[in-house]
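Descriptive structure summary
Read off the chains here:
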Amino acid sequence: NSKAQMLKQIIWTIKQFFTIKPKPSLNIAKKCLKALAKAINIYPNNNDFLVDASFILSLLVEYYKEITKDLLELDLLPIIINKIAINNNYIQFNFLRIVGNIACGNANQTQKLVDLGILKHLKKTIFSTTKKIRKETVFIISNIAAGTQKQIETLIKEDFLPLLIQQVQ
């Protein structure tokens, strides 16, 4: 318990470094990413920790576009996608932001999201009672729809157009 509390305090402190300007260097950001990946594997179900950890990860992916490659190499993406199912708006939103930034990347990164099952989560989050979660979900869907022919066909096959129409209505 004391280790978990200390970890949460450390993660909260690290978060403060990424909410100010100037931002830490890319080298420091990569080290933080590796530490976060290790901590997420140790404390995968600690929601208090995941709130701050997911926020930091979302900032890293947003501020340091090059870090997406490292995130993929650390095999964090399957964990991130699965954590979208957590019934906590802060965690869910932060992990959706990470996925949204990755979906803005190249076609291979977007396809990796699709291959890892992001669409099943988006089918649920599109009907969230939280506006910012719905908005982030639609942003991700729009980036997949702007992708390859295969990605567009997958959205059609998974009936995303009726879901979007239903959301508009």
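This text follows the structure it describes.
Residue numbers run consecutively from 1 along every chain, following the written order of its sequence. Only residues with pLDDT of at least 70 are given local features in this predicted model, and only at 80 or more are side-chain atom pairs given and counted; all residues enter the totals for whole chains, interfaces and linings. In computing side-chain properties, one takes all heavy atoms of the structure into account and sets aside hydrogens as well as water.

End to end, helix H6 (residues 89–103) covers 20 Å across 15 residues, agreeing with the expected 21 Å (1.5 Å per residue, within 8%). Only protein chains enter the accessibility calculation, which uses a 1.4 Å probe. A residue is then buried if its area is under 20% of the maximum for its type, exposed if over 50%, and partly exposed in between. Comment: elements are numbered from the N terminus, with helices defined as DSSP H or I runs of at least four residues and strands as E runs of at least two. Counting buried positions along H6 yields twelve of 15 residues, so the element is predominantly enclosed. Along H6, the positions that sit buried rather than exposed are Ile91, Gln92, Phe93, Asn94, Phe95, Leu96, Ile98, Val99, Gly100, Asn101, Ile102 and Ala103. The inward-facing, buried residues of H6 contact helix H3 (47–63), helix H4 (67–73), helix H5 (77–83), helix H7 (107–115), helix H8 (118–125) and helix H9 (131–145). For the purposes of these results, a polar contact is taken to be a pair of N or O atoms within 3.5 Å, where, inside protein, one atom must be able to donate a hydrogen and its partner to accept one; residues adjacent in sequence count only when each atom of the pair is a side-chain atom. If you check the start of H6, you find a side-chain oxygen 2.9 Å away from the backbone N of Tyr90, and it comes from Asn88. Helix span, as expected, comes to 1.5 Å for every residue beyond the first. Contacts were defined at the residue level, with two residues in contact if any of their heavy atoms lie within 4.5 Å.

Two aromatic rings, drawn from Phe, Tyr or Trp (for Trp, its six-membered ring), form a pair once their centres lie within 6.5 Å of each other, and the interplanar angle then sorts them: stacked below 30 degrees, edge-to-face above 60, tilted otherwise. Enumeration over the complete set of coordinates arrives at two aromatic pairs. The interplanar angle of 85° and the centroid separation of 6.3 Å between the aromatic rings of Phe18 and Tyr64 together place this pair among those described as edge-to-face. In this pair, Phe18 sits in the loop between helix H1 (2–17) and helix H2 (26–42) while Tyr64 sits in the loop between H3 and H4, placing the two residues 46 residues apart along the sequence. Tyr64 shares its class with Phe18; the two are buried. Look at NZ for Lys and CZ for Arg. If either is within 6 Å of the ring centre and within 35 degrees of the ring normal, a charge sits over the ring. For the cation-ring pair, Lys132 lies above Phe93, with the distance from its terminal atom to the ring centre recorded as 4.5 Å.

Helix packing for two helices is described by the angle between their axes and how far apart those axes are. Relative to each other, H6 and H9 sit at 20°, their axes nearing to 9 Å. Between H6 and H9, the angle is such that the two are roughly parallel. In this structure, H6 crosses over H9, and the sense of that crossing is left-handed. Side by side, H6 and H9 meet where Asn89, Gln92, Phe93, Leu96, Arg97, Val99, Gly100 and Ala103 of the first sit next to Lys132, Ile133, Glu136, Thr137, Phe139, Ile140 and Asn143 of the second. Just so you know the grouping, Ala, Val, Leu, Ile, Met, Phe, Trp, Tyr, Cys and Pro go in nonpolar, Asp, Glu, Lys and Arg go in charged, and all remaining residues, Gly too, go in polar. The residue inventory of the contact of H6 with H9, partitioned by class, reads seven nonpolar, five polar and three charged. Interaxial angle, 0 to 180 degrees, is taken between N-to-C directions of lines fitted to C-alpha atoms, where a helix line uses only the stretch in contact. For classification, angles of less than 35 degrees are called roughly parallel, those exceeding 145 degrees roughly antiparallel, those between 65 and 115 degrees roughly perpendicular, and all remaining angles oblique. Each crossing gets its hand from how the near helix is turned against the far one by less than a right angle, where anticlockwise is left-handed and clockwise is right-handed.

Moving on to the pattern of salt bridges. Here, a salt bridge means any Lys or Arg side-chain nitrogen found within 4 Å of an Asp or Glu carboxyl oxygen. Enumeration over the complete set of coordinates arrives at six salt bridges. Asp70 is the salt-bridge partner of Lys30, the closest N and O atoms lying 3.6 Å from each other. Separated by 40 residues along the polypeptide, Lys30 in helix H2 and Asp70 in helix H4 bring together distant segments of the chain. Across the pair Glu73 and Lys69 runs a salt bridge, and its minimum N-O distance is 3.5 Å. Taken together, the positions of Glu73 and Lys69, both in helix H4 and four residues apart, correspond to about one turn of that helix. Accessibility expressed as a relative area gives 54% for Lys69, which makes it exposed. A network of salt bridges, in which partner residues are shared, links Lys8, Lys15 and Asp52.

Tracing the chain through its elements places Asn88 in the loop between H5 and H6. Overall, Asn88 belongs to the buried group, its relative accessible area being 18%. A polar contact is formed between the side chain of Asn88 and the backbone nitrogen of Ile91, at a distance of 3.1 Å.

Looking at the secondary structure, you find Gln92 in helix H6. Note on Gln92: relative accessible area 12%, which makes it buried. Ignoring any residue separated from it by four or fewer positions in sequence, one finds Gln92 in contact with Ile84, Ile86, Thr125 and Ile133.

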